[in-house]
Amino acid sequence: MAYDASLLTTFCISGTFVKNIHWNIIFLFLILIQIGCSSSNLEEALLSASSVFAEPAYVAAADTLTAELIRAPIIEISQDRYEGRSPGATGDFLTQVYLSELLDEVGFMPASPGGDWIQHFDLIGINTIQPKAWVFDNGRTSLELMQNEEFILTSGLQDEIASISNAEVVFVGYGIQAPEYGWDDFKEVDLRGKVLLMLNNDPDWDTDLFAGESRLYYGRWSYKYESAARQGAVGAIVIHTTPSAGYPWQVVQTSWTGEHFQLPAGDEPRLLVEAWVTESAARKLVESTGLVLDALIEFSKSRDFEPISLGLTTSIDLNSRISGIRSGNVLGILEGSDPQLSREVVVYVAHHDHLGISDDAEVVDRIFNGARDNAAGVGVVSAIAHAFASLPQPPRRSIMIAFVGAEEQGLLGSEYFSANPTVPPGRIAGAINFDSPNIWGATKDITFIGQGKSSLDGVAQTVAEYQDRVVKPDQFPDRGYYYRSDQFSFARIGVPALYLKEGTDFIGRSTGWGKEQINTYTTKNYHQPSDELSEDWDFSGMVQDARFGFWAGLIIANTDELPTWVPGDEFEGARFEALSALE
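Residues numbered from 1 in each chain as written. Predicted model: local features only at pLDDT ≥ 70, side-chain atom pairs only at ≥ 80, totals over all residues. Heavy atoms only, no water.

## Side note on the overall build of the protein chain
- Helix and strand content of the protein chain: 17 helices and 23 strands.
- Taken over the C-alpha trace, the protein chain has a radius of gyration of 24 Å; the compact-globule value for 583 residues is 25 Å, and the two agree within 12%.
- In terms of overall dimensions, the protein chain has a C-alpha envelope of 80 × 55 × 50 Å along the principal axes.
- Entry remark: accessible area of the protein chain is about 22,800 Å², with carbon and sulfur atoms responsible for 50%. (Helix = DSSP H or I, 4+ residues; strand = E, 2+ residues; numbered from the N terminus. Rg over C-alpha atoms; globule rule 2.2 N^0.38 Å. Areas by Shrake-Rupley, 256 points an atom, 1.4 Å probe, with all protein chains shown as cover.)

## Looking at the packing of helix α13 (residues 456–466) against helix α16 (residues 540–558)
- Running from N to C, α13 and α16 cross one another at 130°; their axes reach a closest spacing of 9 Å. By the criterion of interaxial angle, the relationship of α13 to α16 is oblique. Every pair of crossing elements has a handedness; the one defined by α13 and α16 is right-handed. Of α16, the residues touching α13 (which contributes Leu456, Val459, Ala460, Thr462, Val463, Ala464 and Tyr466) are Phe548, Trp551, Ala552, Ile555 and Ile556.
- Across the contact of α13 with α16, the residue classes break down as eleven nonpolar, one polar and no charged. (Axes fitted to C-alpha atoms, helices over the stretch in contact; angles between N-to-C directions. Parallel < 35°, antiparallel > 145°, perpendicular 65-115°, else oblique. Left-handed = near helix turned anticlockwise from the far one by under 90°. Contact = heavy atoms within 4.5 Å. Nonpolar A, V, L, I, M, F, W, Y, C, P; charged D, E, K, R; others polar.)

## Brief notes about the side chain of Gln475
- Note that Gln475 resides in the loop between β22 (470–472) and α14 (487–491).
- A polar contact is formed between the side chain of Gln475 and the side chain of Asp445, at a distance of 3.2 Å. (Polar contact = N/O pair within 3.5 Å; in protein donor to acceptor, adjacent residues only side chain to side chain.)

## Here we look at the pattern of salt bridges
- Using the criterion set out here, one finds 17 salt bridges in the structure.
- We note a salt bridge from Lys194 to Glu168, for which the minimum N-O separation is 3.8 Å. Note that Lys194 is positioned in the loop between β10 (183–184) and β11 (195–199) and Glu168 in strand β8 (residues 161–171), a separation of 26 residues in sequence.
- Owing to a relative accessible area of 17%, Lys194 belongs among the buried residues under this scheme.
- Taken together, the salt bridges that share partners define one network made up of Glu279, Arg283 and Asp294. (Salt bridge = Lys/Arg side-chain N within 4 Å of Asp/Glu carboxyl O. Buried < 20%, exposed > 50% of the residue type's maximum accessible area, 1.4 Å probe, protein only.)

## A short note on the packing of aromatic side chains
- Evaluated as defined, the whole model comprises 35 aromatic pairs.
- For the pair Tyr218 and Tyr223, a centre-to-centre distance of 5.1 Å together with 90° between the ring planes defines the contact as edge-to-face.
- Classification of Tyr218 as buried rests on a relative accessible area of 15%.
- Under the relative-accessibility criterion, Tyr223 is labelled buried at 5%.
- Over the ring of Tyr217 we find Arg492, and its NZ or CZ is 5.3 Å from the ring centre. (Phe/Tyr/Trp six-rings, centres within 6.5 Å; stacked < 30°, edge-to-face > 60°. Lys NZ or Arg CZ within 6 Å of the ring centre and 35° of its normal.)

## What to know about helix α6 (residues 221–230)
- The element α6 is extensively covered by neighbouring structure, given that eight of its ten residues are classed as buried.
- For α6, the set of buried residues is Trp221, Ser222, Tyr223, Lys224, Tyr225, Ser227, Ala228 and Ala229.
- The inward-facing, buried residues of α6 abut β9 (177–178), β11, β12 (235–240), α8 (249–256) and β14 (273–278).

## Quick notes on the pairing of β14
- Most of β14 is tucked away: six of the six residues are buried.
- Burial along β14 is two-sided: the face carrying Val273, Ala275 and Val277 and the face carrying Glu274, Trp276 and Thr278 are both buried.
- Across five bridges, the pairing between strand β7 (residues 151–155) and β14 is antiparallel. Across the sheet, the residue bridging to Leu153 is Ala275, located in β14.
- With six bridges connecting them, β12 and β14 associate as parallel partners. For Ile237, the partnering residue across the bridge sits in β14 and is Ala275. (Pairing = 2+ DSSP bridges.)

## Considering the packing of helix α4 (residues 67–77) against α16
- Interhelical geometry of α4 versus α16 gives an angle of 100° and a closest axis separation of 9 Å. When the axes of α4 and α16 are compared, the pair comes out roughly perpendicular. Facing α4, whose interface residues are Ala67, Ile70 and Ile74, α16 presents Met542, Val543 and Ala546.
- Of the residues belonging to the contact of α4 with α16, the class tally is six nonpolar, no polar and no charged.

## Considering unusual backbone geometry
- Between Asp373 and the following residue, Asn374, the backbone shows a cis peptide bond with an omega angle of 5°.
- Locating Asn374 in the fold gives a position in helix α11 (residues 371–389).
- Despite not being glycine, Asp468 has its phi angle at roughly 60°, a positive value.
- Within the fold, Asp468 resides in the loop between α13 and β22.

## Looking at the confidence of the model for the protein chain
- Chain-level pLDDT for the protein chain is 91 on average; 92% of the residues reach the 70-or-more range.
- Low pLDDT, under 50, characterises residues 1–43; the stretch is placed with 75 contacts to residues that sit more than four places away or in other chains. (pLDDT = per-residue confidence, 0-100.)

Dropping the structure here:
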């Protein structure tokens, strides 16, 4: 079938053309894209989308999604014997075996190359020996930052040695080049050989700049390092604040200390040093030269900003232990029932890895069990697989389960899948991602991270109405969740996705209670050994959201047309490219 981009902005409604209507208010017509202009098609599409809830077999399958079914995989892979499921470690291998057996038992088939359950991928392990101090020179005196308390760093090279000698330190504001927003922090200044000090996040104080308080990929630390490397810099230092990062300094300490992993390097530019500093450390560096950090930050809020040399230089020698390991994505598939549409898939995604074991021998509990993050997501998706397998006849499209690895290292497993898809991207109808699901109870709402980007808004709204719930967009938009989980890798190859998270309006709880629980978890348990399954987990919300995900995937799997991006969305072009590749 040929796909006409013009049809994405013109909807046929009883012969009348309505253009550029906001997607959130036209769900009733979304399924009609590229179907036709007759009112009979409209009625047929609406009936198809809503009738699933009246089908006894579908209702029975949804009812199999129980707390007991979800809890079992959580108990299993968050045990200490899985050693925190770090990529390439014993626990990683045990997890892959367990999940392969689980999918086999429920009736899925292997979906990796060669008829295997596991899509293996190579990783390079880098364990940088952290220097106790990092020295900066302002021409008069030397200034030391202390490791762990004030800075965390790693080598950006997949090599044992990385050295910087007398490199100039330059403040580059947000370190962003975004021509579509008329923003360029670099202004063609020669930054080769420099160390760049930059702010986290992206411009968020004005809705006319970027996306306002909703963080884009430009605000992610991974973009910052990539951006600095493209300028020819040798190092980049991101200034951490809890509001700009979305998590406290202790998360940087646990996530960036010890061995971390990368996909094998290609020909892309790379930094020698990738670093974080606390806000107080950055202030100390800047003010040692007579400048004021707050004034620099204020200047960086202008499109007229230009890089500012701080009058500082730094030298550092890093030694790293380099290793090569293998991890894997566990992939299973339930073949669809439609002779044509079964070639297409709906993918359910949950990452199976976590952070392994702490290098700090003085800590009593050193194992990062990752019960909520993301054994719980694995539990939800495995239960959904069970529900689909219990149907007397599968849905029209095939259902793929992707338990991806190395997410905590920067979405590496899903990135590898997106670069080496086992199904052509143009035949991946949509993805549904679960990462750190709800452990606090049932809610009146559900959060759809990515709402407003695709026609999946309509699917989410339909399921929410059935569950008597309200769909809300990202309720912590400043944290950039859309670019921090695996559906982002699918979006980059053009696949629209539902990233479903807990609501905040908890049944029987006071206003604000839900956000308080989420924030407390982020402060105390996120990426900490304390993320463990406990008796106070309330699975009713997780069951509620798992059923939501099941119904949403079922609708996508049974609807004639593929989901589409909102016209002009950042990923729309990738979808067109993927569909064109099928022609």
